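Single-letter residue listing:
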Amino acid sequence: MPSLPSPSAPVSVPTPAAIEVADATKVIDGVTVLDRVSFTARPGRVTAFLGPNGAGKSTTLRAILGIDHLTSGTATIGGRRFHEHHRPAAVIGALLTPDAIHPRRTARGHLSVVAASNGLPRASVAKTIELVGITEIADLEAGQMSLGMRQRLSLATALIGEPAAVILDEPHNGLDAAAIRWLRVVLRQLADSGRTVLLSSHLMPEIELVADDVVVIDRGSIQADATLPEFLSGPDVSLEDRYLDLVGEA
Amino acid sequence: MRTALRGELLKIATVRGQWIGLALAAVAMPMTSLLVAASGGLSPEDTVTSGAATGSLAGLLGFGAWAASVTAGEYSHQTMVVSLSTVPRRTVFYGAKVIAASLTAAAASLASAVLAFAVVYAVTPHSSHRVGSPATLLSVVVAAVAVTAIGVAAGVLTRSSAAAITAVVVLILLPQTAAGLLGGLQPWVVGASPGPVITQVVGNSQLDADQTYPPGTAAAVATLLAAAAGIAVVGGCALVRRDGG
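Residues numbered from 1 in each chain as written. Chains lettered and ligands numbered in written order. Predicted model: local features only at pLDDT ≥ 70, side-chain atom pairs only at ≥ 80, totals over all residues. Heavy atoms only, no water.

Q: Explain the overall build of chain A here, please?
A: Of the regular secondary structure elements, chain A holds nine helices and nine strands. Here chain A has a C-alpha radius of gyration of 18 Å; the compact-globule value for 250 residues is 18 Å, and the two agree. Seen through its C-alpha atoms, chain A measures out along the principal axes to roughly 45 × 40 × 35 Å. Within chain A, buried positions represent 56% of all 250 residues. (Helix = DSSP H or I, 4+ residues; strand = E, 2+ residues; numbered from the N terminus. Rg over C-alpha atoms; globule rule 2.2 N^0.38 Å. Buried < 20%, exposed > 50% of the residue type's maximum accessible area, 1.4 Å probe, protein only.)

Q: Is there a simple way to explain the packing of aromatic side chains in this structure?
A: Any pair of aromatic rings gets described here by the distance separating the centres and the angle formed by the planes. Taken as a whole and judged by the stated rule, the model has three aromatic pairs over all chains. For the pair B:W188 and B:Y213, a centre-to-centre distance of 5.4 Å together with 75° between the ring planes defines the contact as edge-to-face. Taken together, the residues span a long stretch of sequence, with B:W188 in helix 9 (residues 186–190) and B:Y213 in the loop between helix 10 (194–202) and helix 11 (217–241) at a distance of 25 residues. Residue classification places B:Y213 among the buried residues on the basis of a relative accessible area of 9%. Of note, A:R242 hangs over the ring of A:F231, and the distance from its end group to the ring centre comes to 4.9 Å. (Phe/Tyr/Trp six-rings, centres within 6.5 Å; stacked < 30°, edge-to-face > 60°. Lys NZ or Arg CZ within 6 Å of the ring centre and 35° of its normal.)

Q: How do you make sense of the environment of B:V131 when you look at a structure like this?
A: Residue and element names in this part refer to chain B. Here V131 lies in the loop between helix 6 (90–123) and helix 7 (135–158). When the C-alpha positions of V131 and F117 are compared, they lie 9.1 Å apart, and in sequence the two are 14 residues distant. Setting aside anything within four residues of it in sequence, one finds V131 in contact with T47, V48, T49 and F117. (Contact = heavy atoms within 4.5 Å.)

Q: Teacher, can you tell me more about unusual backbone geometry here?
A: The phi torsion of most residues other than glycine is negative, and most of the peptide bonds are trans. Residues and elements named next belong to chain A. Positive phi, normally seen in glycine, also occurs at R36, with a value near 50°. You can see R36 is positioned in strand 2 (residues 31–41). Here R36 falls in the exposed class, since its relative accessible area comes to 59%. The phi torsion at E162 lies on the positive side, around 50°, for a residue other than glycine. The residue E162 is located in the loop between helix 5 (147–159) and strand 6 (165–169) in this model.

Q: Before we go on, may I ask you to explain the side chain of B:T136 in this structure?
A: Take B:T136: it is sitting in helix 7. Non-local contacts of B:T136, meaning those with residues more than four positions away in its chain, are made with B:T49, B:S50, B:A53, B:V201 and B:V202.

Q: In this structure, what is going on with the sheet that holds strand 5 (residues 92–95) of chain A? I would like to understand it.
A: Two strands in a sheet stick together by hydrogen bonds in their backbones, pointing the same way (parallel) or opposite ways (antiparallel). Residue and element names in this part refer to chain A. Read from one edge to the other, the open sheet built from six strands follows the order 5-6-7-3-8-9, with strand pairing classed as mixed. Whereas interior strands pair on both sides, the edge strands pair on one side only; in this sheet they are strand 5 and strand 9 (221–227). Averaged over all adjacent pairs, the angle separating strand axes in this sheet is 15°, with direction ignored. Judged from the four bridges that link them, strand 3 (residues 46–50) and strand 7 (residues 196–200) form a sheet pairing that is parallel. Looking at the pairing, F49 lines up with S200 of strand 7. Together, strand 5 and strand 6 form the strand contacts of helix 5, whose direction differs from that of strand 5 by roughly 165°. (Pairing = 2+ DSSP bridges. Axes fitted to C-alpha atoms, helices over the stretch in contact; angles between N-to-C directions.)

Q: What is the right way to read the nonpolar core from this model?
A: One broad trend across soluble globular proteins is that nonpolar side chains are buried collectively. Core analysis: the biggest nonpolar cluster contains 145 residues, and A:I64, A:I92 and A:I167 have the highest contact counts within it. By residue number, the principal contributor to this core is helix 7 of chain B, which donates 12 residues. Those residues in contact with A:I167, other than ones at most four positions away along the chain, are A:I19, A:L61, A:I64, A:L65, A:I92, A:G93, A:A94, A:L95, A:L96 and A:L198. (Core = buried A, V, L, I, M, F, W, Y, C linked by side-chain atoms within 4.5 Å.)

Q: So what exactly am I meant to see when it comes to helix 9 (residues 239–247) of chain A here?
A: All names here are of chain A. The complete set of buried residues in helix 9 reads L239, Y243 and V247. Buried residues of helix 9 fall within an arc of 45° about the axis and therefore sit on the same side. Elements that come into contact with the buried residues of helix 9 comprise strand 3, helix 7 (204–210), strand 8 (213–218) and helix 8 (228–232). Directly beyond the C-terminal end of helix 9, a positive phi value near 75° is found at G248. (Arc of directions from axis to C-beta.)

Q: Is there a simple way to explain the interface of chain B and chain A in this structure?
A: Many structure descriptions define interface size as the accessible area lost when the parts assemble. Contacts between the two partners involve 28 residues from chain B, matched on the other side by 33 residues from chain A. Contact between chain B and chain A buries roughly 2400 Å² in total, counting both sides, with carbon and sulfur atoms accounting for 59%. Across the contact surface, chain B and chain A share zero salt bridges. In this structure, the connection of chain B to chain A is made through 11 residue pairs in polar contact (both at pLDDT 80 or more). Of all the elements in the fold, those that place two or more residues in the side of chain B that touches chain A are helix 1 (2–13), helix 2 (16–38), helix 5 (80–86) and helix 11 of chain B. Here the residues of the side of chain B that touches chain A are counted per class, giving nine nonpolar, 11 polar and eight charged. (Buried area = accessible area lost by both parts, 1.4 Å probe. Salt bridge = Lys/Arg side-chain N within 4 Å of Asp/Glu carboxyl O. Polar contact = N/O pair within 3.5 Å; in protein donor to acceptor, adjacent residues only side chain to side chain. Nonpolar A, V, L, I, M, F, W, Y, C, P; charged D, E, K, R; others polar.)

Q: When you look at the packing of helix 7 of chain B against helix 11 of chain B in this model, what are you seeing that I'm missing?
A: For any two helices packed against each other, the geometry comes down to the angle between their axes and how far apart the axes lie. All names here are of chain B. One can describe the packing of helix 7 onto helix 11 by two numbers: an axis separation of 8 Å at closest approach and a directional angle of 20°. With respect to their mutual orientation, helix 7 and helix 11 come out roughly parallel. Between helix 7 and helix 11 the crossing geometry is left-handed. Taking contact as the criterion, the partners of V142, A143, A146, A149, I150, A153, V156 and L157 in helix 7 are, on helix 11, V221, L224, L225, A228, I231, A232, V234, G235, A238 and L239. Taken together, the residues that form the contact of helix 7 with helix 11 break down as 17 nonpolar, one polar and no charged. (Parallel < 35°, antiparallel > 145°, perpendicular 65-115°, else oblique. Left-handed = near helix turned anticlockwise from the far one by under 90°.)

Q: So what exactly am I meant to see when it comes to the confidence of the model for chain B here?
A: In regions of low pLDDT, the predicted coordinates are not meant to be interpreted in detail. Per-residue confidence for chain B averages 87 on the pLDDT scale, and 97% of its residues sit at or above 70. Complex prediction metrics read pTM 0.87 and ipTM 0.83. (pLDDT = per-residue confidence, 0-100.)

Q: I tried to follow the pattern of salt bridges on my own but got confused; where do I start?
A: When their charged atoms lie close together, side chains carrying opposite charge are able to pair. Within the structure shown, the criterion is met by 16 salt bridges over all chains. Through salt bridges with shared partners, one network takes in B:E8, B:K11, B:E74 and B:K97.

Q: Even after reading the chapter, I still don't get the sheet that holds strand 1 (residues 19–28) of chain A, so can you show me in this structure?
A: All names here are of chain A. The antiparallel open sheet is built from three strands, whose spatial order is 2-1-4. At either end of the open sheet lies a strand with only one pairing partner, and these are strand 2 and strand 4 (72–77). Mean inter-strand twist for the sheet, computed between neighbouring axes without regard to direction, equals 20°. Relative to strand 2, strand 1 is paired through seven bridges, and the arrangement is antiparallel. In the sheet register, E20 faces strand 2, and the bridge partner there is T40.

Okay, structure coming up:
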């Protein structure tokens, strides 16, 4: 198992770019999967985007990236839709699934493609490989990697452009305890450097350690949008209890 | 567009299987031509270049299937999610993909055609066959680019390697196979399909009059390219219109 380097988020200071979702509605085959969803993930903060399976989290994240079209409403980054930005990798980096890597392409090859597609220097590939601690397996094909290693490679894909905002959907999946702790520090560093971090996860104890703001979605509608202390509403209430009270899974 | 194109070329370069598929497509034409020439299958009026082009249909099927498979693989391997979040402008992404696949197929088919020429030249008695026109070999490259663009579009439209490859094979072979059902349209449809276009450029007498494009060979080549461009545009519109991942 490759060792992780000391957490070190990209050092450049980006132009702040809030992620704003406004009245986002998506209807698929007559079923409303997003119903006027509105929230803002702000620069310098880690925003946890929580919800049960099928609540609409991934659909919202894909809509922000323009991978899924909205039926109505808008999703913008820094005031513009994603495809309107000229240097996308510098605006937003995304980890949606660790399986979105060609199984016969090496980690280095994969990141080289992403870098070339955005006009990033070759040095960014080696730098990002080192950042996520996969130097030893950089020339291994993705299909030969464990889920945790592919997750790190996906994180590298999100960070290679040193973006102003990052969207991470279930980034903890497959990570061991050391990598989860490492990711926690990296997320904090990203936010502290002025970046917007939008994070979806089911690991409530982990979210409680890293999140500044909490947005809860259930059955396609926003159920809560508050800072973490406001959401917890008391010193002895855990995020998990408060969340399960809200979505009715207690 | 330039950076997106570089990324698409790197995609091809960084997966060994894609290179192997391309190499197999490139080898198909010289291998078939070798078999025909070595077995005495060339008629006295055939030239070395027309002999080299006898295996072109196998090559075209290979290039079309390669492009279809590479493109549909973006869906089956879920890499389209990363592709569209890296190059979010779908017209730029799709244009870069079509150009990258076409440039690669052009280079490979040119090498394939030259190799086929060399093979036929080596195995046939030099006194019995004229060298022929190099335009024949260039027509193979043009047809390969056309079927590659069609393959990319088929990959986007079907999102399935099997379906995309089948679509390409049907588009290449069906016009000649179903020629009898086309009635008066037969020379217009068959004459502008990839295989007969090359045969018309070769200029030999293998093709019946009702499979020869009425306005002439240059128009047949132009029509093939226009049809391929039209199909490629349909693929691009589908990608822009629907959800990408």
